Amino acid sequence: MPVPATRVRPFDDAGIAEAAALILAGQPVAVPTETVYGLAADATNGEAVARIYAAKGRPSFNPLIVHVPDLAAAERIGIFDTGARALAAEHWPGPLTLVVPLREPSGVASLVTAGLPTIALRVPAHPAMQALLQATGRPLAAPSANVSGRISPTRAEHVLASLDGRIPLILDAGATDRGIESTIIGASGGQLRLLRPGPIEVPDALQVEGGIEAPGMMTSHYAPSKPLRLNVTTAENNEWLIGFGPVEGTSTLSVTGDLVEAAAKLFAALHEADASSAPRIAVAPVPRVGLGAAINDRLQRAAA
Ligand code: TXA
Ligand code: MG
C-alpha cells in the first residue's frame, strides 16, 4: 500500500491524538517503548496487522507482541497461572514479555499470533506507548519498527531511515533508554521458560531448565492437521478450496485479490478448513508480490 511520505512529530498530546486516529483508521504508527521503537497497529483489526507486515517487508508471519496498559487488560486476552502473575506483578510495567495461552474469544486477530494458541503480552512503561494505549483503548500489536532483517531502532531517525514512505507517522520521544528488545518468558502449564534474553534478569534456574531459543525460531508454527495442496485452481473431490481473486473457493481470502485482506484472513481460513469435515485442503495461487511472499511462505510450511 503506497504511503507518500512519513511524518515525524514529537510525542505530545497532539501527536498522540493524531497517532490514535491513524491507529483507529487501521494504519500502523511508529511509537517508542522503553526497549526499542515499535510499529504499532490495532491488534483487533486483521487488516491493520497485515499492514505492519507489508511495511516491514517481512518474508514470513512471525507472531507479534501485543501491548496492553495493565495486567487486568492482559488477563482479558491471555490466561495467567501463578508463575505468570508473579512475574507480571514484579516487572510490569517494564521490558518483560510473557507468552501465555490465548483466552478465547480474545478479540485479537489471528494474524497476530500467526494462528497459535498462545500469545505474547507486554505492559510497557514508556509514557508514549502508554498514552497511545489509553487514547486508542485497543490492544496494540507491535514488532520493532524496522524493515525486516535490519537492527531494531532506538531513535526516531533509525525508524525514518528504515521505513520512510512505508508508514504515515513516527512519534519521536528521543532515544529509548534500554536499547534492546524485551526479555521474553513463556509461562504456561505451571512452567517458565526463557525464550529471549533481554533487559530483565531472570533466575538461573529458568534459563537452565528451558534453554534459550533463538528469536523467530522459538515457535512451533501453526499448521493444519490435513494434507494441503497449493496453487490449485479447481478443487478435487472432497477438497476444501481456499480461494483467492478469480478462483472462488469454499471460502475465499479476497474476492478482489487484495493481499492485505488475504493476509488478515489467512489463519482463520486455515483453521476453518481444518475444522471442516473435508479430509483435504487446497489453496488457490496467491501472487508472490508484497505480502504475497509471506502468505506463500506460510502456506508452504503448512503444506510441508
Ligand atoms: O522490546 C520488544 O519486545 C519490542 C517492542 C516494540 O515491544 N518488540 C519486539 O517484537 O521485539 P518482535 O516482533 O521483533 O519480536 C517478537 C518476538 C519474536 O521473536 C516472536 O517469535 C516472539 O516474540 N513471539 C511472539 N508471540 C509468540 C508466541 N505466541 N510464542 C512464541 N514466541 C512468540
Ligand atoms: Mg525485531
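That block above? That's the structure.
Residues numbered from 1 in each chain as written. Chains lettered and ligands numbered in written order. Predicted model: local features only at pLDDT ≥ 70, side-chain atom pairs only at ≥ 80, totals over all residues. Heavy atoms only, no water.

> Summarise the packing of aromatic side chains; cite the residues concerned and give the values.
Per the counting criterion, the structure on display carries three aromatic pairs. Aromatic pair F61 and F267: ring centres 6.2 Å apart, planes at 75 degrees, arrangement edge-to-face. Remark: F267 occurs in helix 8 (residues 259-275) and F61 occurs in the loop between helix 2 (46-56) and strand 4 (65-67); sequence separation between them is 206 residues. This pair shows no difference in class: F61 is buried, exactly as F267 is. Judged by centre distance (6.0 Å) and plane angle (70 degrees), the rings of F80 and W92 are edge-to-face. You can see F80 sitting in the loop between helix 3 (71-77) and helix 4 (82-91) and its partner W92 sitting in the loop between helix 4 and strand 5 (96-101), a full 12 residues away along the chain. Through successive ring pairs, a cluster of aromatic residues spans Y53, F61 and F267. (Phe/Tyr/Trp six-rings, centres within 6.5 Å; stacked < 30°, edge-to-face > 60°. Helix = DSSP H or I, 4+ residues; strand = E, 2+ residues; numbered from the N terminus. Buried < 20%, exposed > 50% of the residue type's maximum accessible area, 1.4 Å probe, protein only.)

> Hey, could you go over the packing of helix 1 (residues 13-24) against helix 5 (residues 127-136) for me, with residue numbers and the actual values?
Taken N-terminus to C-terminus, the directions of helix 1 and helix 5 make an angle of 55 degrees; their axes are 9 Å apart at the nearest point. The angle between helix 1 and helix 5 falls in the class oblique. Helix 1 and helix 5 meet at a crossing whose hand is right-handed. Contacts from I16, A19, A20, I23 and L24 of helix 1 reach helix 5 at A128, A131, L132, A135 and T136. When grouped by side-chain class, the residues that make up the contact of helix 1 with helix 5 number nine nonpolar, one polar and no charged. (Axes fitted to C-alpha atoms, helices over the stretch in contact; angles between N-to-C directions. Parallel < 35°, antiparallel > 145°, perpendicular 65-115°, else oblique. Left-handed = near helix turned anticlockwise from the far one by under 90°. Contact = heavy atoms within 4.5 Å. Nonpolar A, V, L, I, M, F, W, Y, C, P; charged D, E, K, R; others polar.)

> Outline the pairing of strand 12 (residues 239-243), supporting the account with residue identities and numerical values.
A regular strand places its side chains so that they alternate between the two faces of the sheet. Across the five residues of strand 12, five count as buried, placing the element largely inside the fold. Alternating positions in strand 12 separate into two faces, E239, L241 and G243 on one and W240 and I242 on the other, with burial throughout. As judged from the four bridges shared by strand 12 and strand 14 (residues 280-283), these two strands associate in the parallel manner. By the bridge assignment for strand 14, I242 is matched with V283. (Pairing = 2+ DSSP bridges.)

> Lay out the pattern of salt bridges with the relevant residues and their values.
Across all of its chains, the model carries 13 salt bridges by this definition. Across the pair E236 and R229 runs a salt bridge, and its minimum N-O distance is 3.8 Å. For E239, the salt bridge identified is with R229, shortest N-O distance 2.7 Å. Taken together, the positions of E239 in strand 12 and R229 in strand 11 (residues 228-229) put the pair 10 residues apart, joining distant regions of the chain. Residue E239 is classed as buried on the basis of its relative accessible area, which comes to 10%. (Salt bridge = Lys/Arg side-chain N within 4 Å of Asp/Glu carboxyl O.)

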